[in-house]
Every structure is written in structure tokens, then in C-alpha cells.
Amino acid sequence: MNYYNLKDKKEIVDFKTATIKGQGKDKGLFFPEFIPQFDTYFIENLHLFPDEEIAFQCMKDFVGDEIPSDILMEIVSETISFEIPLKKISENIYSLELFHGPTLAFKDIGAKFMSRCLSYFLKNENKKVTVLVATSGDTGGAVANGFYKTTGTNVVILYPKNRVSPVQEKQLTALGENTYALEVDGSFDDCQNLVKQAFSDEEINSELFLTSANSINVARWLPQQIYYVLALKQWQKLEKENPVICVPSGNFGNICAGILAHFRGLSAEHFIAACNENDMVPKYLKSKKLEPKETVATLSNAMDVGNPSNFVRILELFENQFENLKSKITGYSIDDKKTLQTIAEVYEKYNYMLEPHSAVAYTALEQYLKEKPGKKGFILGTAHPVKFPDAVEKATRIKIGIPKSLEELMKKEKKSVEITPDFAELKRFLLNKN
Ligand SMILES: *Cc1c(COP(=O)(O)O)cnc(C)c1O
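Here is a short report on the structure shown in this document. Sequence order sets the numbering: in each chain, residues are counted from 1 along the sequence as written. The model is predicted, so local features are restricted to residues of pLDDT at least 70 and side-chain atom pairs to those at 80 or more, both for listing and for counting; the totals for chains, interfaces and linings are taken over all residues. Water and hydrogen atoms were dropped before computing side-chain values, which therefore reflect all heavy atoms in the structure.

### Re the site of the ligand
The full set close to the ligand counts 15 residues, and K107, D138, G250, N251 and T382 are the nearest of them. Whenever two N or O atoms come within 3.5 Å, that pair is a polar contact, provided that in protein one can donate a hydrogen and the other can accept it, and provided that, for residues adjacent in sequence, both atoms are side-chain atoms. Between the ligand and D138, the relevant distance is 2.7 Å, taken from an oxygen atom to a side-chain nitrogen or oxygen of the residue. A distance of 2.8 Å separates an oxygen atom of the ligand from a polar atom in the backbone of G250. All accessible areas in this document rest on Shrake-Rupley with a 1.4 Å probe, and a residue is counted as covered only by the protein chains that are shown. Computed on the free molecule, the ligand has an accessible area of 380 Å², of which 97% lies beneath the protein chains in the complex. A breakdown of the residues in the shell around the ligand according to their chemical character gives six nonpolar, seven polar and two charged. Any residue with a heavy atom lying within 4 Å of a molecule or strand is counted as near it. Each residue gets one of three labels, nonpolar for Ala, Val, Leu, Ile, Met, Phe, Trp, Tyr, Cys and Pro, charged for Asp, Glu, Lys and Arg, and polar for the others, Gly among them.

### Here's the deal with the pattern of salt bridges
A pair can form between side chains of opposite charge whenever their charged atoms are brought close. A side-chain nitrogen of Lys or Arg and a carboxyl oxygen of Asp or Glu constitute a salt bridge if their distance falls within 4 Å. Enumeration according to the criterion identifies 21 salt bridges in this entry. Its salt-bridge partner being E11, residue K21 comes within 3.4 Å of it at the nearest N-O pair. Placement of the pair is K21 in helix α1 (residues 15-21) and E11 in strand β2 (residues 8-14), with a sequence separation of 10 residues. A simple rule labels every residue: compare its accessible area, found with a 1.4 Å probe on the protein chains alone, to the largest value its type can have, and call it buried under 20%, exposed over 50%, or partly exposed in between. For K21, a relative accessible area of 43% translates into the label partly exposed. Classification of E11 as buried rests on a relative accessible area of 8%. Among the ionic pairs, K411 bridges to E408, the shortest N-O distance being 3.4 Å. Of the two residues, K411 and E408 are both situated in helix α19 (residues 404-411); the distance of three residues between them amounts to about one turn of the helix. Taken individually, K411 and E408 each receive the classification exposed, so the pair is uniform in this respect. Shared partners join several salt bridges into a network, and the residues in it are K60, D61 and R264. A helix here means a DSSP run of H or I that spans at least four residues, while a strand means a run of E at least two residues long, and both kinds are numbered starting from the N terminus.

### Points about the sheet that holds strand β1 (residues 2-5)
Within the open sheet, the three strands sit side by side as β2-β1-β3. Their pairing is antiparallel. Each end of this open sheet is capped by a strand with a single partner; those strands are β2 and β3 (30-32). Strand-to-strand twist of the sheet, defined as the mean angle between neighbouring strand axes without regard to direction, takes the value 35°. Of the pairings in the sheet, the one linking β1 to β2 comprises four bridges and is antiparallel in character. Strands pair, by our definition, only if DSSP identifies at least two bridges between them. Note on geometry: axes are C-alpha line fits, over the in-contact stretch for helices, and angles between N-to-C directions span 0 to 180 degrees.

### Section: the state of the cysteines
Here, two cysteine sulfur atoms that lie within 2.5 Å of each other are counted as a disulfide. Summed over all chains, the structure comprises zero disulfides. Summary of cysteine pairing: C117 is not part of a disulfide, and the nearest cysteine sulfur, belonging to C58, is at 14 Å. Just so you know, C256 is unpaired, no disulfide at all, and the nearest cysteine sulfur is the one on C275, 14 Å from it.

### A look at the packing of aromatic side chains
Only Phe, Tyr and Trp rings take part, Trp by its six-membered ring, and two of them pair if their centres are within 6.5 Å. Stacked means planes under 30 degrees apart, edge-to-face means over 60, and tilted covers everything else. Scanning the entire structure with this criterion turns up 15 aromatic pairs. With a centroid separation of 6.2 Å and an interplanar angle of 70°, the aromatic rings of Y180 and F429 are classed as edge-to-face. With Y180 in strand β8 (residues 179-184) and F429 in helix α20 (residues 423-433), this pair connects stretches of sequence that are 249 residues apart. Given the relative accessible area of 18%, F429 is considered buried. Aromatic side chains W235 and F378 sit 5.9 Å apart centroid to centroid with 55° between the ring planes, which places their arrangement in the tilted category. Of this pair, W235 sits in helix α11 (residues 225-238) while F378 is found in strand β13 (residues 377-381), placing the two residues 143 residues apart along the sequence. Classification of W235 as buried rests on a relative accessible area of 2%. On the accessibility criterion, F378 (1% relative accessible area) is buried. Linked through ring pairs, Y3, F15, Y120 and F121 together constitute an aromatic cluster.

As C-alpha cells, this is what we get:
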């Protein structure tokens, strides 16, 4: 499969190049040259196929012959090596729990797939890649874990000091080996700016081979289709009508993967983009005006994105036809007060513990379904409540215990290097590390 740069359609690269480079000229995102369709028998009879085969079918056309089938099969099997159950919360709302992976966040899936592809592509090359990421919490842990001990890679993660939760911090800092955590005395935006500067710094790029691991990378974006199809496999056993799919959205990579799967033949009644107060897309869907804004800090901080990068891919899927887009996606913006209220209510009524991101989604889906009697749907449960203990405890007054799978990690020592948001410090670190 080839991919073109959305900013310059003449720049065309293969899957390998798109994975290694991350983005094209002028920071343009790569987009597949065509949308491969699912086989009709396959998508209508998902219960006949094992999960690994489904994952393989999701990815094979996007990878083409650049990775041999048997190896791609191993990669996708590893990518989905934990359970992804669809659980009923209320009469008409289910949750697709994507938080049973190593760092208890859905980003584990994309990060794992990307790290395995990169390592395959680089195994015969004599260079080491440095994966550089800024994180507000979840991305860093998933990327560190996904690339942990992956040959040929170093991972450098920048995170804002005192602004990630204790579990998130341990996931970022305690692995060691080829993963390095930089604790920045500043905000997430500071971290992101430092990373951007590094990518455009000539000296760094002549010494190191830098790549990014955020959701604009096709190898992190595309595998997210897999769990939408795994959800449908479970849905078809439980319900007759097609689901309304509600995605808690920040940078819009996740929902864009779901819509891509839908364009390939996955049945869905409707999509909902559930946002916090960072509401560029919900506003656009109402007014057709695309107005990026300053990021607002909220409880669902992994969705604090003022100008979502992946939205251009959604526009491309719909060929910029606003009316079509509007008929398929509805946007909601949910504030922190309502988010906490939903966590409390859902816990009280259904004994189900949401965390801020999935609570934003639950609220949005509930509001949508109120106006569509008879319809049902599911939210994407993107993180485990233990990753956002402050909000959850504030809403429910219940202290959540550390799951068994994290006990070992919590005992490990935090290893990080403190820096100020001064690019010279990051540069010194990167150039001296190798
Ligand atoms: C990253 C993240 C999101 C947002 O996903 P996007 O693909 O950026 O829209 C939602 N919830 C959680 C818990 C996340 O970590």
C-alpha cells in the first residue's frame, strides 16, 4: 500500500517509509491511496473467525507485501494479546474495555503494533532509532512499554512534572533499559514544543535518527481499527441493530480509525465524537467553521487538544463533503462538572466505575440516545480508572485499589532526569546519550 502526504499529494511513500518517517513534508500526515474493502462474508460472519485472524484481515492490505504474512500474523497476535471485552453498563449502553493491556490504556494497541513494525523494518539496518515523544500521561507509558527492549530503538519521553498521576509516572519512569524519561518543569505544551524543536534541529537530526510515536504515525493509527471489528463481533451476538459508536476524542486518531473501518464495510449506525471543553470539532460540526483554539486543561487530560491533528484525515475520508460528514458524526462537548456527575451516577446506578475520558463518552452517548428511542450503542473505555484516581475518588468517594498487574511496577524505582523547558537542555541530553 502506498500513502500520500495530505499537504502535498505528490509525495507518495510505502508503508515502511511512512512508519519510519512518521510524517511527510510540511508536517503533512500520510493517508492510504485507496480504502480497501472488507470481504462481505468476513464482515457479516465475524463469529466464525478467531480474533487473530480478524486483526490480520484489518491490517494486511495496509501493509501489503512489505511484511511477510507469517510475521504480520505474529505482530497482530502480540498487538491484541489481552482481552478486549464488550461489557453492558446500562439498558442501552455498553463499554468496549480497551484498558486490560500492559499500561491499562487503549494506546497500548497502537504502540505495540508500531514498535513491532519498526523493529522489523530496522532489523537489517545499521542504525538505531530514537523515538521521541511528549506526553500528558497515557501516550508515554504505552510507548515506553511498547518499545521496551525493542532492538534498534531508544525511547525518550518528555512529561510535565507533577502533572501526571502516580501510576502514569511509574509507567513512564520505572522501566529503564532503552527507555529514558525527562521530567520537564513546565506544561504539556512545553514538552510538545521541545519535541517539535528537536525534530527541526539540524544538528540533532544529523547525529540521531529521530522518529515520533504519536497517533499521526500510520503504524499507530491504523491498528486501532482492529478493536472496532472485535467489538462488532461481540455486538452481533448481543444485539440486532447496528451500534451507535461513541469515542472519547482528543487528537481524533481513535475515532478516525473507527470511521475508516466503517468505510471498509464495518456496520455502524452513527459515530459520536465526545470531547471535553476542547471543542473545536463539535463546534465545526455545528457551524462548519474550523477554529483551532488554545488548549484548556480538564480532568480528561489525554483529550486536552485544542487543534486535533487527525481531523484532516476524517475530512479526507469524507472528501470534504460537510453534509455527509455531519450526517455520520455528531459532536458533544462535556464539561468537568458533568463528567464528575456521570462518574458518580453510573457508579451508583450500575455499579460500574468510569474514569474521566470514558465518562465524557458515556455522557455524550446518553444525551444522543435520549433523542433516538430504541437505539443502542457502546463507548470506547479508553483507560482504567486507577490511572485517574483523583477524579474518580472525588466523584465516588471510593479509593480505588492498585490492580495486581501493577503492584510490581509500583514497587520499582522512578528514574528520570529533570530539565527546564529550555531547548538547550534537551539538545544536550539527546546528543550526549548516544
Ligand atoms: C489518548 C486518549 C484519548 C484520545 O484519543 P485520540 O485518539 O487522541 O482522540 C482518550 N482517552 C484516553 C484515556 C487517552 O489516553
